[in-house]
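If you want the building blocks of each chain, they are given just below.
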Amino acid sequence: MSAVRAANLAALTSLFTDDAERVRASAPGAGISVTTATAGHAVLDWSGRALDSRRDPVRAAVSAAADVSAPAVIVAGLGGGYFIEALRARGVRVAAVVDHAAVIDAACGARDMTGLLSSVPVVTVEGLSVRGRLSQLRALAPVLAAHSPSVTASPDLQQLCARWSDVREARPPRVLVVGPIAGGSLEVARSVHRAADRLGADTRLFDASVFAGTQSALLSMGVPAESRKYLQGKFALLVGEAIVEDAAEWRPDLVLALAQAPLSEPSLAALRQRGIPTAFWFVENTRVLPYWKDVARHYDRFYAIQPGRVLDQIRAAGATHATCLPMAADPEVHVAPTLTDADHARFGSAVSFAGAPYLNRRHVLAAVADLGLKLWGDGWEATALAPHLAERGRFDLETMRRVFAATTINLNVHSADHVTGLDPDPDYVNPRTFELAMMGAFQLVDRRDMLPALFDDDEMTTFASVAEMRLLAQHFLARPGEAHAIGTRAAFRARRDHTYDARVGVILAESLPTHLQPFRHPWGAHANRTWGEASASRSPRTLDEALAQSATTPSMEQDEIYLRMLADIRHTVGAR
Amino acid sequence: MRRILVVQMCRLGDLLQTTPMLRGLRRLHPGASITLMVLDGFSHTPIPRHLYDDLAVFPLDAAARTISGGAEQWQSGVTLAREFVAGLGAEPFDLVLNLTNGVLANLLCAVIPSRQLRGGVIAPDRTRVVRHPWMAYFWASLLAREFGSVNLVDLFCRVAEVPIDGEGLEIDVPAEADEAAARFVTGAPLIALQLGASDERKRWTPEQFAAMANRLPERAGTIVLVGSQGERPLGERAAAVLSRPIINAMGETSVPELAALIRQCRLLVTNDTGTMHIATAVGTPVLDLSTGPVFVHETGPYAVGSLAVEPISACFPCAAGAVCHHLSCRDDFSPDDIAGLVMYALEGGALPRPPRAKVLQSARAASGRLEFRPIWDPSGGTQEQLRQAFGRLWDASLGHAAPIGAGAGVDGPLDLDAEPYRSALVACAVRADKAATLAGRIRNASPDQAAALSARLAEALEREQLAATLDPVLRPITGYLRTRLESLTDRSVDDVAAAYEREWRGTAYRARALTEILFSRTVSVA
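Residues numbered from 1 in each chain as written. Chains lettered and ligands numbered in written order. Predicted model: local features only at pLDDT ≥ 70, side-chain atom pairs only at ≥ 80, totals over all residues. Heavy atoms only, no water.

(A) Structural detail: the interface of chain B and chain A. In this assembly, 36 residues from chain B lie in contact with 40 residues from chain A. Ranking the residues of chain B by area buried against chain A places Trp-74, Arg-126 and His-325 of chain B at the top, with a combined share of 23%. At the surface where chain B touches chain A, the tally comes to one salt bridge. The residue Glu-560 of chain A makes a salt bridge to Arg-126 of chain B at a minimum N-O spacing of 2.7 Å. Elements with a minimum of two residues in the side of chain B that touches chain A: helix H3 (60-68), helix H4 (74-87), helix H5 (103-111) and helix H17 (447-470) of chain B. Counted by class, the side of chain B that touches chain A contains 23 nonpolar, seven polar and six charged residues. (Contact = heavy atoms within 4.5 Å. Buried area = accessible area lost by both parts, 1.4 Å probe. Salt bridge = Lys/Arg side-chain N within 4 Å of Asp/Glu carboxyl O. Helix = DSSP H or I, 4+ residues; strand = E, 2+ residues; numbered from the N terminus. Nonpolar A, V, L, I, M, F, W, Y, C, P; charged D, E, K, R; others polar.)

(B) Structural view of H5 of chain B. Most of H5 of chain B sits out of view: seven of its nine residues are buried. Those residues of H5 of chain B that sit buried are Leu-104, Ala-105, Asn-106, Leu-107, Leu-108, Cys-109 and Val-111 of chain B. (Buried < 20%, exposed > 50% of the residue type's maximum accessible area, 1.4 Å probe, protein only.)

(C) Spotlight on the environment of Ile-338 of chain B. Residue and element names in this part refer to chain B. Mapped onto the secondary structure, Ile-338 falls in helix H14 (residues 335-347). When the C-alpha atoms of Ile-338 and Pro-352 are compared, they prove to be 8.6 Å apart, with 14 residues separating the residues in sequence. Once residues within four sequence positions are removed from consideration, Ile-338 is found in contact with Trp-204, Met-212, Val-269, Leu-287, Leu-289, Val-309 and Phe-333.

(D) Representation of the side chain of Thr-478 of chain B. Residue and element names in this part refer to chain B. Mapped onto the elements of the fold, Thr-478 is located in helix H18 (residues 475-486). Residue class for Thr-478 comes out buried when judged on its relative accessible area of 4%. Apart from residues lying up to four places away in sequence, Thr-478 is in contact with Glu-464, Gln-465 and Ala-468.

(E) Quick look at a positive patch on the surface. All names here are of chain B. Where like charges cluster on the molecular surface, the positive patch consists of Lys-434, Arg-441, Arg-456 and Arg-463. Of all the secondary-structure elements, those providing two or more residues to the positive patch are helix H16 (419-442) and H17. Here Arg-441 is to be found in helix H16. For Arg-441, a relative accessible area of 48% gives the class partly exposed. (Patch = residues over 30% accessible without salt bridge, like charges linked within 9 Å, V, L, I, M, F, W, Y side chains within 5 Å. Areas by Shrake-Rupley, 256 points an atom, 1.4 Å probe, with all protein chains shown as cover. Lys, Arg positive; Asp, Glu negative; His and termini not counted. Charge placed at Lys NZ, Arg CZ, Asp CG, Glu CD.)

(F) Here's a closer look at the environment of Arg-126 of chain B. As for its position among the elements, Arg-126 of chain B is in the loop between strand E5 (117-122) and strand E6 (128-131). Residues Arg-126 of chain B and Leu-107 of chain B, spaced 19 residues apart in sequence, show a C-alpha to C-alpha distance of 9.7 Å. Side chain to side chain, Arg-126 of chain B and Glu-560 of chain A meet in a polar contact 2.7 Å long. (Polar contact = N/O pair within 3.5 Å; in protein donor to acceptor, adjacent residues only side chain to side chain.)

(G) Molecular detail of the confidence of the model for chain A. The share of residues in chain A with pLDDT of 70 or more is 93%, and the mean pLDDT across the chain is 86. A low-confidence stretch, residues 521-539 of chain A stays under pLDDT 50, and its non-local contacts, those more than four residues away or across chains, total 48 contacts. (pLDDT = per-residue confidence, 0-100.)

Right under this line is the structure:
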């Protein structure tokens, strides 16, 4: 392979992975040759037809480009790339449709087009035949500009030009996010809503917290407990009906509910009857809140933060698709604040814990009481650790961020109300772990089964016993720089792998049909993005890209096996 | 059996620990060609040539350089790996023994053609499956290490289905190595100290070694420091504390020369290292200092009478990949403790009794396996007794070739109150029998009934795992069951059901067998 072709193929970008592969794997086309124009430029010749001017293709392209006034166009035909280069020189954003992969291959061998190919996504007619892709292309730019020689030579491109105006523009998927009336999942719902929006979905949040006042009033009514329960049930049904009405009006492509969302069985049945797909992300401990058993079979997809036998239980409860999806953090929310002297004075500590005084925490935290422990939360005043209570109450996010950032060691002890030691069921990772990590705040967290898969040892420090927790606390109090370094590494990892965007991306990829996958429009709401960023894929340049692409097949092929070998070697040698 | 491939892509010590198995394969399959697959970094390990026919050296370092060379150069790394596999030949191996606990080896076994594979392999659905009951034991034991009871050397023999012969490890020590080592031998008795280890968690500090050596009487011998060139800084730290003359051979010997030198020593005091296995192979007694993730019951020096010291810290042993910031288990035995044990090893007499460490000594079990049994245990717990009980359970339930030669030993009576475990084991056996019955019913069931029965079986496994959480004595049995069920590759519903029934019956048997062992009755082989 010539250096020019290799460089061009390496620079090639495409909107669709398989299309890029098709191009890279294509053989030279019969009947396509490269000649030289009078002005000295390379010209492709296809069965005797020149795909650019045989005299001066550059001048001809500039002249043709002057007729294009739209800010963004889809160009039918590539030729030698001169027309597209002329359009780009005028500031027009371009994507190109090519008749045949062999044409691109020939063009790549003709002259250096690395500048063009690295910023102009190229798709083939064959690649557009997958359902939904033509609409996605149409959504990028309404105007189709024909590269005349290419269109003349190609019946497929002629057909594309003829039907272009009839192509319906792809629309982003509509996602209705439903949060709880109150509770920890409320903020998760808001983060999920933001993430879906960033991913390119048209998203709406059903903010059930507006009903919190009514719920609170019902809870405090001076009637017998049974009556209160009855009224609460009726109220929940009413809120659920409101959600169904909202969905019936807006017609989302997916209703994505978070734990404790007020969607009971009748509401879910109504959504199903209306043909609206549903997904449930249960971001709580299934052992603590067992109501999921009643609704599991009503959701099309069930995501839990616990794997293994919990998923088996969920499937046993009737869920047809149950998957583990760990918690995450929001990079827009869980941000380390800049601390003032007053912040340090109020929130600073050597060791702190913020949260509720579950039985195990009352005992575990006593082991570090003499290390400068500060506690934040309600209920500690009635415990033996009361002298260490800094402030009581329920704190807003701004306060919590300051507590976390001003502390040398944040203790993160998963709650258990039936033991005095560490949680004996370490099958999930709490949101606090990810939030602290995202903020770069150093934490000591009790060992959890899933943690090694989520964070490496140099990104997260864990303990398996109370004695070990104390030893570690002493170690890091003496070495705050080391603690800071670990927290920084955790932040990088959290931003890369543990954002709500990543999690919601999984839910949408699995819940939505292909033609409704979010497609980032480069010239819509996120117009500050370059076309290169909006390109969905290109042929793998790195080992990680190759692995990601190969892992999409239903079963492992030989190529993937060898790629995984290299990845393991990289990991092993890197760990030495 | 014409072609056998042994995949041993670990370190020098692991290769030496494979030699009894290779010897057994030679005896059992005298006409077979044995290929030994190793990593390039350890291809010069002096494994006696008569134990194998071909050496396949996987180019790990060369492949790693392609990855680090730039974004696109990884493709040449793929080519290297493909060419390596192609170089093994297109004809399938009659038997592949994957003794390596690692992803790379499991992936290689997925592409190397074979008629029979024992050990781990990555299946097409990208999960790891484990083939052969003894390898399933090994993988399951990693999750219940506190009950681990089978030395790797014996495990390899079990997987290869060759008898344990009690002849120990082998290493090739050519005459020129003896000549080179002679320069360190002064005529005085020598005690070798191995200061280094591959992992800091496995390393007693050089200062502790030196303080221990300072406490030894002169009659014990001359101290010789051994190890690699890279470990010389540790020797310098020790030298700064040592108050007696030493011979510093660190970085001065090749592996064969090290073996020759160790052979001249009356004792090796060592961390868990390749040097320890070299000493065992040349017949030098060993005092093994186990800390961090080291577990003497899995990797202890393979010779009868070897001594080992273990801390009683609650977090010991730690997981293989764990990062430890406090390393406190290293302080559970003091230089005084170890100096006392050195003199005990050399001269006998009263056994030292470290207040925070166990002292163990190896002996043969009746099945031929080498066990490390406590001769001093300040924790006073029943852990060691349970471990021996489990060792006998696995021998009885997974089967093994009868030991030959000096391979057989004696099983002493267990000394523990087993009553707390009875009800958990009895209940486990009852549950397992019920689950086996459920699995048996699937074969004649309609699709809907089969689905319902499968769901109940899934619940049964979940209950068993929950029970193991509440009663840790069940963890090895449940872990083995789970590993076996996860590794099933049967395709038809009937075959899967039969496999499930078999594994659940096996679980019931093991629960009952362990009960019998704990209450000292004869166990019938399953």
